[in-house]
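Structural overview for review
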Amino acid sequence: MAEQEADLTKKYDALIIGSGAAGGMAAHVLTTHGLQVLLLEAGKKLDIEKELRSMQWPYDNAHRGALPPDSHSLSFNEYTIRRPPYGPGFEKSKNLYSYIGNSDYTKNIVVNERENPYTGTNYAWVRARCLGGKTNIWGRLALRLSDYDFKAKDRDGYGENWPISYSDIAPYYDKVDLYLGITGVKENLPYLPDSIFQRPTKLNCAEVTLQQGLKKMGRVLTQYRAGVTTDGLKHNKYRSRCYGRGACERKGGCDIHAAFDSPTGLIYPAMDTGNLTLRTNSTVREITVDPTTGKASGVHFTDSQTMKDYTVRGKVVIVAASTLESARLLLLSKSRLYPNGLANSSGHVGHNFCEHVMGPGVAGQAKDLVGKPSTLDDGRPGGFYLARFRNLAQQHPNFIRGYGFEGGSGSSMFPPGTDRPGFGASFKEEIRQNQGSYIGMGAFGEVLARYENYVDLDPVVKDKWGIPALRFHYKFGENEHNMVKDMKETAQEMVEAAGFKIIYVNDRVLTEGWSIHELGTARMGNDPKTSVLNQFQQSHDVKNLFVVDGSAFVNASCQNPTWTIMALCWRSCDYLADQLAKNEL
Ligand SMILES: Cc1cc2nc3c(=O)[nH]c(=O)nc-3n(C[C@H](O)[C@H](O)[C@H](O)COP(=O)(O)OP(=O)(O)OC[C@H]3O[C@@H](n4cnc5c(N)ncnc54)[C@H](O)[C@@H]3O)c2cc1C
Ligand code: SF4
């Protein structure tokens with residue numbers, strides 16, 4: 001791709017902050033419209049060939065994929081019993097990572113917690129500061145939201161409706177599907193709309209058994225809808241089609257880029273238009289404001305490596321630093337005109353923070369699959385998705401909204417059961433006999449958006465660059481705890497009803513943040529008194545400022561958010577380009 005030097009004396013048409021799903025999509029859409037765009041990314045450009053190693057055999061890795069001895073990744077218990085920041089108490093480890101940084105394949109992608117502290121209530125905050133952000137290692141489950149989500153208030157009276165309906169965003173979901181590629185099977189469910197799918201992956205024997213069992217209960221298990229191209233994308237020379245090579249579950253990224261990541265899916269093609277300039281190692285610390293017009297004038301950033309400060313101007317500023325970092329940046333951008341932070345006349349920036357509650361799940365075994373020949377099940381970008389079934393036609397007495405399950409079964413390179421006691425030939429034989437007979441699934445449920453769940457700036461703690469850290473005030477509430485009880489019961493009931501023997505039931509609720517689906521800190525709405533952005537993710541207060549990531553969500557739904565983040569961003573950037581052309585910004 002054609003790289004250009006950033007010209008910091010120039011006024012760009014648009015400045016984009018962050019290069020993940022949202023920033024990458026903004027770069028793609030705006031450069032296609034012919035705008036001159038500067039993309040500022042706080043992290044480094046990874047040496048992709050070295051970092052993404054889905055093809056590497058475990059024995060070719062110095063530690064069989066484990067972290068080197070001088071590094072540590074936070075465990076569930078550490079998140080629960082310790083309070084952030086997680087600096088002290090881990091002196092032996094030079095590098096400290098979130099729970100996702102627990103392997104050699106992810107450690108260079110997630111941040112070092114010591115350089116990037118945060119404070120407040122317990123929260124497993126996973127951040128990736130590098131070109132492409134979290135999309136380098138995301139789990140690829142790519143689901144649509146529906147009017148059951150956008151108009152949820154109409155159904156149960158809680159919270160706010162979104163200022164858009166499914167019909168507004170559906171054409172943009174289609175564009176994302178066609179531009180990036182998605183695999184799955186059509187199910188015609190009004191609460192989980194279909195995408196324009198490429199060739200689906202196959203369910204294996206145990207998964208089909210569960211699917212058939214659930215059908216009798218009126219519940220739908222479908223192939224994992226993955227943001228992966230299985231047929232290839234003729235318009236993108238940086239990506240290859242998935243040929244099922246087997247290390248998708250490593251969370252270390254797909255080195256042939258069959259799985260969507262922002263650099264190869266969006267940013268490199270945008271650079272090829274000649275309209276995009278990329279500057280990595282650029283930590284934006286403030287959005288600057290023209291005191292006469294009240295509009296955003298540009299940004300102030302620090303070179304993450306040299307620590308030198310710079311400013312650059314833009315006609316439009318697009319914040320895409322991820323839900324919590326975007327809120328942090330708006331709160332940091334205080335001025336005489338905006339003493340509560342930028343775009344915050346409503347006082348809602350940082351509030352209505354929501355995500356997915358995770359944890360309860362179940363593992364079962366199909367006795368008739370014991371001893372069957374092994375199959376190649378590693379080579380798939382995912383197993384299955386069990387769609388939401390609660391609070392659709394009937395209201396559950398104990399909680400509102402819904403949850404779905406992600407799961408899988410089959411033979412794999414590291415089969416389930418290897419953590420059991422045993423050794424030698426008989427142990428290996430037992431593992432071999434049983435592998436492929438297990439099935440497991442875990443739930444993801446909607447956490448209600450509540451004003452009292454919020455983030456603000458810590459008055460004392462700062463990050464490595466001297467920027468105030470984020471402070472969390474966030475807890476699951478009664479609705480989430482009631483939902484979790486139900487998840488545990490239904491998981492067990494469904495697996496049993498399909499004829500599996502239950503071998504493990506997990507009733508542990510994972511720490512707040514575990515889902516890595518944080519949302520809602522600058523929500524959209526029609527009323528500027530109770531929302532931060534309008535339906536085009538444009539600030540109510542500052543019309544040349546757009547916030548195009550998950551912070552704009554009004555509620556979390558229970559579906560994974562990334563495909564929606566990109567569809568919304570595409571819609572907003574089309575609007576932005578049109579308004580800019582009309583001199584309306
Ligand atoms: C292991 C894992 C599994 C996941 N699985 C799924 C899944 O199956 N389905 C799903 O939908 N989602 C999944 N997600 C979540 C998904 O990755 C995110 O929803 C998505 O990446 C969000 O995009 P974003 O652009 O908002 O943020 P990011 O991808 O985090 O990108 C934000 C970028 O902004 C940069 N940045 C931050 N602050 C600044 C600053 N001040 N100045 C300049 N740049 C800045 C960051 O360095 C980063 O590169 C998963 C995430 C992880 C980590
Ligand atoms: S299974 Fe497909 S998407 Fe997953 S790592 Fe292999 S090629 Fe990439």
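This section reports on the structure supplied with the text. (Residues numbered from 1 in each chain as written. Chains lettered and ligands numbered in written order. Predicted model: local features only at pLDDT ≥ 70, side-chain atom pairs only at ≥ 80, totals over all residues. Heavy atoms only, no water.)

1. Regarding helix α10 (residues 424-434)
When we look at burial in α10, the residues that qualify are Phe427, Ile431 and Asn434. Projected onto a plane normal to the axis of α10, the buried residues spread over an arc of 75° and lie on a single side. Opposite its buried face, α10 presents the exposed residues Ala425, Ser426, Lys428 and Arg432, each directed more than 90 degrees away. Residues of α10 that are buried in the fold lie against β11 (356-365) and β14 (438-446). After α10 finishes, the residue Gly436 shows a positive phi value of roughly 90°. (Buried < 20%, exposed > 50% of the residue type's maximum accessible area, 1.4 Å probe, protein only. Helix = DSSP H or I, 4+ residues; strand = E, 2+ residues; numbered from the N terminus. Arc of directions from axis to C-beta. Contact = heavy atoms within 4.5 Å.)

2. A closer look at the packing of aromatic side chains
In the structure shown here, the tally under the stated rule is 30 aromatic pairs. Seen in terms of ring centroids, Tyr99 and Trp514 are 3.8 Å apart; in terms of plane orientation they differ by 20°. Their pairing is stacked. With Tyr99 in the loop between β4 (95-97) and β5 (119-120) and Trp514 in the loop between β17 (501-506) and β18 (545-547), the pair connects residues that are 415 residues apart, well separated along the chain. Pair check on accessibility: Tyr99 and Trp514 agree, each one buried. Aromatic pair Tyr123 and Phe472: ring centres 4.6 Å apart, planes at 25°, arrangement stacked. Here Tyr123 is found in the loop between β5 and α4 (147-150), whereas its partner Phe472 is found in strand β16 (residues 468-473), with 349 residues between them in sequence. By the burial criterion, Tyr123 is buried, and Phe472 matches it. Cluster of aromatic residues (ring-pair linked, three or more members): Phe76, Tyr79, Tyr86, Tyr99, Tyr118, Tyr123, Trp125, Phe353, Phe472, Tyr474, Phe476 and Trp514. (Phe/Tyr/Trp six-rings, centres within 6.5 Å; stacked < 30°, edge-to-face > 60°.)

3. With respect to the site of ligand 1
Close contacts around ligand 1 come from 36 residues, with Glu41, Gly139, Leu141, Val284 and Thr562 the closest. In this structure, Ala22 approaches ligand 1 through a main-chain N or O atom, which is 3.0 Å from an oxygen atom. Within the contact set of ligand 1, a nitrogen atom lies 3.1 Å away from a backbone nitrogen or oxygen of Ala42. Protein chains shield 96% of the accessible area of ligand 1, which is 1,000 Å² for the free molecule. (Near = heavy atom within 4 Å. Polar contact = N/O pair within 3.5 Å; in protein donor to acceptor, adjacent residues only side chain to side chain. Areas by Shrake-Rupley, 256 points an atom, 1.4 Å probe, with all protein chains shown as cover.)

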